[in-house]
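Each chain, written out:
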Amino acid sequence: GPEVVPQGPEDVMFGLIAAYRRDQDPNKVDLGIGAYRDNNAKPWVLPVVKQADELLRKDPNLNHEYLPIAGLPEFTSASQQLICGANSPAIKDKRVLSVQTISGTGAVHLGALFLSKFYSPANKEAKVVYASAPTWANHNQIFTNVGLEMKSYPYFNKKTCALDLDAMLASLNSAPSGSIILLHACAHNPTGVDPTQEQWKKIAQVIKDKQHFPFFDCAYQGFASGSLAKDGWAINYFIEQGFELLIAQSFAKNFGLYGERAGCFHFVTGPASSAQDTIARVGSQLAILQRSEISNPPAYGARIASLVLNDKALFAQWEEDLRTMSGRIIEMRKALRGKLEQLGTPGEWNHITEQIGMFSFTGLSEEQVGKLRDQWHVYMTKNGRISMAGLNTKNVEYFAKAVDSVVRE
Ligand code: PMP
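Under an unreviewed UniProt entry, the name given to the protein chain is Aspartate aminotransferase, and the organism recorded is Neohortaea acidophila. The protein chain has a UniProt comment under Cofactor (unreviewed entry) that states "pyridoxal 5'-phosphate". Reading the Subunit (unreviewed entry) entry of the UniProt record for the protein chain gives the comment "Homodimer."

Shown next, in the form of structure tokens:
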């Protein structure tokens with residue numbers, strides 16, 4: 001009977017949101033979830049999304065029919081160009097296969113399911129997914145849910161709050177040849193630490209030498225540098241190097257379409273003569289998996305994104321909206337670091353402005369995070385991660401004072 005189902009733990013992130021909502025203190029600060037907030041701590045509908053929405057509503061031919069199994073074709077093709085680069089050799093050679101998914105989570109899941117069924121490296125021990133330590137908490141659940149084993153490679157150096165490249169390369173080098181390597185394309189969650197282009201080249205070299213299989217998770221394109229092309233650089237580079245690889249692409253953050261679940265999964269194969277045959281076989285299997293899981297992906301978010309991605313003027317407006325978001329976050333990084341240095345808060349705070357994207361790994365301990373919550377009504381994950389988008393000109397000083405106080409205790 002149902003008594004055999006044990007009580008599961010509450011999702012950490014959604015538990016944090018509930019606790020924040022219950023808190024009645026007027027100074028409370030929400031630095032938990034990775035959703036953009038404007039300077040009034042309110043959700044922001046991108047102006048370009050409003051424009052696209054109006055166009056959509058005026059369209060007399062709009063209906064609520066099912067999308068094809070692989071999704072809205074004009075959405076998936078524009079998504080390919082965005083992530084691979086418009087002049088990508090892989091697109092020209094038709095070596096990219098794309099399936100619309102339930103946002104980035106659905107794309108990671110479809111990739112994981114596909115790998116669990118069809119990935120068969122010569123060395124069976126290589127059927128393991130290596131993820132950065134730390135990584136997005138959901139990665140572990142998504143891959144283990146489909147029966148794949150997870151291991152980790154070193155990534156974040158706690159002393160420097162920066163990338164531990166040597167340890168990462170050594171770990172990738174000692175993993176069994178043909179392992180699956182999960183990489184964050186840009187704006188690494190939760191650390192905000194990305195490899196430089198030179199570092200990416202070294203990472204690519206080890207992955208190539210060891211014949212590992214790269215799987216890029218890209219949830220923040222346009223959010224790291226404010227430039228879509230720059231944030232796509234690592235993926236473009238790997239494709240140029242001829243890798244066969246997987247990409248999970250989310251439009252939740254960069255379009256502010258969190259609840260609409262717009263995303264894409266891409267399979268890119270290398271420039272072999274058998275590429276077309278590979279694409280056909282992989283596509284046939286992905287269609288079967290998709291059919292049994294969701295039948296057809298959701299239409300609304302994909303239509304909005306598609307209108308913007310396929311129209312020059314709307315695309316330019318989108319780039320401006322992205323710069324608004326990334327620009328405000330950069331300002332908050334500067335403000336927070338400035339206030340902490342002004343207060344003479346013990347420790348180094350340069351990493352606050354050096355890290356990029358939506359998150360910052362502050363280096364605060366679990367105990368300090370607890371004090372921030374209990375004494376200051378500041379809500380953040382216990383690993384010391386803050387969502388920079390939760391800071392604004394009205395609360396950044398309050399937060400800096402709170403950090404200063406718990407660090408000195
Ligand atoms: N990957 C990473 C690393 C993320 O941070 C997120 C968003 N939290 C996702 C994937 C997927 O998010 P969504 O399903 O909302 O697109």
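Caption draft 1: Broad picture of the overall build of the protein chain. Looking only at helices and strands, one finds 16 helices and 13 strands in the protein chain. In terms of overall dimensions, the protein chain is globule-like: its C-alpha atoms have a radius of gyration of 22 Å, near the 22 Å expected for 409 residues. Dimensions along the principal axes, computed over C-alpha positions, put the protein chain at roughly 65 × 60 × 55 Å. Each of the 409 residues in the protein chain was classed as buried or not, and the buried ones make up 45%. Partitioning the intrachain contacts of the protein chain with sequence separation of at least 6 by distance along the chain shows that 77% fall at a separation of at least 24.

Caption draft 2: Broad picture of the nonpolar core. Among the nonpolar cores identified, the biggest contains 112 residues, and Ile235 and Ala305 are the most heavily contacted of them. Composition of this core by domain shows at least three residues from each of domain 1 (11-44 + 327-408) and domain 2 (73-310).

Caption draft 3: Representation of the domain arrangement of the protein chain in the model. Assigned domains of the protein chain: these are domain 1 (11-44 + 327-408) and domain 2 (73-310). For domain 1 and domain 2, the distance between their C-alpha centres works out to 29 Å. In this assembly, 17 residues from domain 1 lie in contact with 20 residues from domain 2. Tallying contributions element by element places strand 11 (residues 359-361) first for the side of domain 1 that touches domain 2, with three residues.

Caption draft 4: Summary view of the site of the ligand. The full set close to the ligand counts 14 residues, and Ser103, Gly104, Thr105, Ser250 and Ala252 are the nearest of them. The leading source of residues in the shell around the ligand is helix 5 (residues 103-118), at four residues.

Caption draft 5: Geometry of helix 2 (residues 47-58). Over its twelve residues, helix 2 runs 17 Å from end to end, which matches the ideal 16 Å to within 8%, given 1.5 Å per residue. Taken residue by residue, helix 2 has Val48, Val49 and Ala52 as its buried positions. Looking straight down helix 2, one finds that the buried residues subtend no more than 95 degrees of arc, so they occupy a single side. Exposed residues on helix 2 whose side chains face more than 90 degrees from its buried face are Lys50, Glu54, Arg57 and Lys58. Residues of helix 2 that are buried in the fold lie against helix 12 (300-309) and helix 13 (312-343).

Caption draft 6: Quick look at the sheet that holds strand 7 (residues 180-184). With mixed pairing, seven strands are arranged side by side in an open sheet as 2-10-9-8-7-3-4. Either end of the sheet is taken by a strand with one partner, and the two such strands are strand 2 (96-102) and strand 4 (149-154). Taken pair by pair, the neighbouring strands of this sheet meet at an average axis angle of 25 degrees, ignoring direction. Across six bridges, the pairing between strand 9 (residues 245-250) and strand 10 (residues 262-268) is antiparallel. Paired with Ile247 across the strands is His266, a residue of strand 10. Of the strands in this sheet, strand 3 (128-133), strand 4 and strand 7 touch helix 6 (residues 137-145), which is tilted by about 145 degrees from strand 4. Strands strand 8 (213-218), strand 9 and strand 10 of the sheet are contacted by helix 10 (residues 233-240), whose axis makes an angle of about 155 degrees with strand 8.

Caption draft 7: Structural context of the packing of helix 5 against helix 6. Remark: helix 5 packs on helix 6, axes separated minimally by 9 Å, with the N-to-C direction vectors making an angle of 35 degrees. Regarding helix 5 and helix 6, the two cross each other, and that crossing is right-handed. Residues Thr105, Val108, His109 and Ala112 of helix 5 pack against Asn138, His139, Ile142 and Phe143 of helix 6. Here the residues of the contact of helix 5 with helix 6 sort into four nonpolar, four polar and no charged.

Calculation rules
Residues numbered from 1 in each chain as written. Predicted model: local features only at pLDDT ≥ 70, side-chain atom pairs only at ≥ 80, totals over all residues. UniProt positions renumbered as here; feature names shortened; annotations may be inferred. Helix = DSSP H or I, 4+ residues; strand = E, 2+ residues; numbered from the N terminus. Rg over C-alpha atoms; globule rule 2.2 N^0.38 Å. Buried ≥ 20, exposed ≤ 12 C-beta atoms within 10 Å, placed from the backbone. Contact = placed C-beta atoms within 7 Å. Core = buried A, V, L, I, M, F, W, Y, C linked by C-beta atoms within 7 Å. Domains from an automatic or database assignment. Near = placed C-beta within 6 Å. Expected span 1.5 Å × (residues − 1). Arc of directions from axis to C-beta. Pairing = 2+ DSSP bridges. Axes fitted to C-alpha atoms, helices over the stretch in contact; angles between N-to-C directions. Left-handed = near helix turned anticlockwise from the far one by under 90°. Nonpolar A, V, L, I, M, F, W, Y, C, P; charged D, E, K, R; others polar.

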